[in-house]
Amino acid sequence: TATPPAVPTGTACPASGWTSQAMVADRITNARDGLARALFAFNSATPSDIAALHVDLYVDVDPGKPPVETRLTTGVHLRNQNQRPSAAFTTSASPQGLILNGSGSSDPEGEPLSYTWYDGATAIGSGIVFTYAVPAGSSHSISLKVHDPAALEGVAPTKVVTA
């Protein structure tokens, strides 16, 4: 999800139904000699854009004595990762006002999009095509936000247009 789960508050498993516990990692030395080495590395700082995860564990049974630590590493690529949609639009003037057309927007997975139109910071309408009733000759800062079914957002750059 876009929101990370809460960190467990204790050492016991917080879920019911688990009948036993076992230690699966011991003597992890990712922080050593003043060097903090990341345990997990992601290919994006935005949780919803993460498509790859890499794990590095450094294990040393007795730090300071041979043999030296061992590095265990693995990674995974999330090939079915939902990607953010892109928003694009055109405008044209008509006797009814501005015709706003978001048909240039797309979703990488082909999912349907929802469209919200803005004049400055004010939401003015929705739909792939929207007619904004404004006086002829008036100037407006139009932008478009699209959302896929997973609520990922794409935002088109603002255009200043005259009706």
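What you see is a predicted model, and the numbers here were worked out from it, not measured in a lab.

**Student:** Explain the sheet that holds strand β5 (residues 70–77) to me, please; I cannot follow it from the model alone.
**Tutor:** Pairing between the strands of a sheet comes from backbone hydrogen bonds, and it takes one of two forms, parallel or antiparallel. Overall, antiparallel pairing links the 3 strands, which are arranged β3-β4-β5 in an open sheet. Taken across any chain shown, the strands that pair with only one partner, and hence form the sheet edges, are β3 (40–42) and β5. In this sheet, adjacent strand axes meet at a mean angle of 15° when their direction is disregarded. Sheet topology places strand β4 (residues 52–59) next to β5; 8 bridges connect them, and they run antiparallel. Looking across to β5, one finds that Y58 is bridged to R71.

**Student:** Which parts of the structure should I look at to understand the sheet that holds strand β6 (residues 90–94)?
**Tutor:** The strand order β6-β7-β10 describes an open sheet built from 3 strands, whose pairing is antiparallel. Bordering the open sheet on either side are β6 and β10 (129–132), each of which pairs with just one other strand. Averaged over all pairs of adjacent strands, the angle between their axes in this sheet comes to 20°, without regard to strand direction. Note that β6 and strand β7 (residues 97–101) share 5 bridges and pair antiparallel. Paired with T90 across the bridge in β7 is N101.

**Student:** When you look at a nonpolar patch on the surface in this model, what are you seeing that I'm missing?
**Tutor:** A contiguous nonpolar surface patch, about 290 Å² in accessible area, is contributed by L39, F40 and F42. You can see L39 is positioned in the loop between β2 (35–36) and β3. On the basis of relative accessible area, L39 is assigned to the partly exposed category, the value being 32%.

**Student:** What exactly am I supposed to notice about the confidence of the model for the protein chain here?
**Tutor:** Close inspection of predicted coordinates is inappropriate in any region flagged by low pLDDT. Residues with a pLDDT of 70 or more make up 82% of the protein chain, whose mean pLDDT is 84. Highest mean pLDDT in the protein chain belongs to strand β8 (residues 114–119) (97); lowest belongs to strand β1 (residues 31–32) (73).

**Student:** Quick question: what am I supposed to make of unusual backbone geometry here?
**Tutor:** A negative phi angle is the norm for most residues apart from glycine, just as the trans form is the norm for most peptide bonds. Of the consecutive residues P66 and P67, the connecting peptide bond is found in the cis state with omega at -5°. Assignment of secondary structure puts P67 in the loop between β4 and β5. Non-glycine residue A151 carries a positive phi angle of around 75°. Mapped onto the fold, A151 is located in the loop between β11 (139–147) and β12 (153–155). Taking the relative accessible area as the measure of exposure, A151 reaches 55% and is therefore exposed.

**Student:** I tried to follow the environment of A93 on my own but got confused; where do I start?
**Tutor:** For A93, the position within the fold is in strand β6. Since its relative accessible area comes to 52%, A93 is described here as exposed. For A93 and A136, which are 43 residues apart along the polypeptide, the C-alpha to C-alpha distance reads 8.4 Å. Discounting residues that sit within four places of it in the chain, A93 has contacts with L98, T162 and A163.

Parameters and conventions
- Residues numbered from 1 in each chain as written.
- Predicted model: local features only at pLDDT ≥ 70, side-chain atom pairs only at ≥ 80, totals over all residues.
- Heavy atoms only, no water.
- Pairing = 2+ DSSP bridges.
- Helix = DSSP H or I, 4+ residues; strand = E, 2+ residues; numbered from the N terminus.
- Axes fitted to C-alpha atoms, helices over the stretch in contact; angles between N-to-C directions.
- Patch = residues over 30% accessible without salt bridge, like charges linked within 9 Å, V, L, I, M, F, W, Y side chains within 5 Å.
- Areas by Shrake-Rupley, 256 points an atom, 1.4 Å probe, with all protein chains shown as cover.
- Salt bridge = Lys/Arg side-chain N within 4 Å of Asp/Glu carboxyl O.
- Buried < 20%, exposed > 50% of the residue type's maximum accessible area, 1.4 Å probe, protein only.
- pLDDT = per-residue confidence, 0-100.
- Contact = heavy atoms within 4.5 Å.

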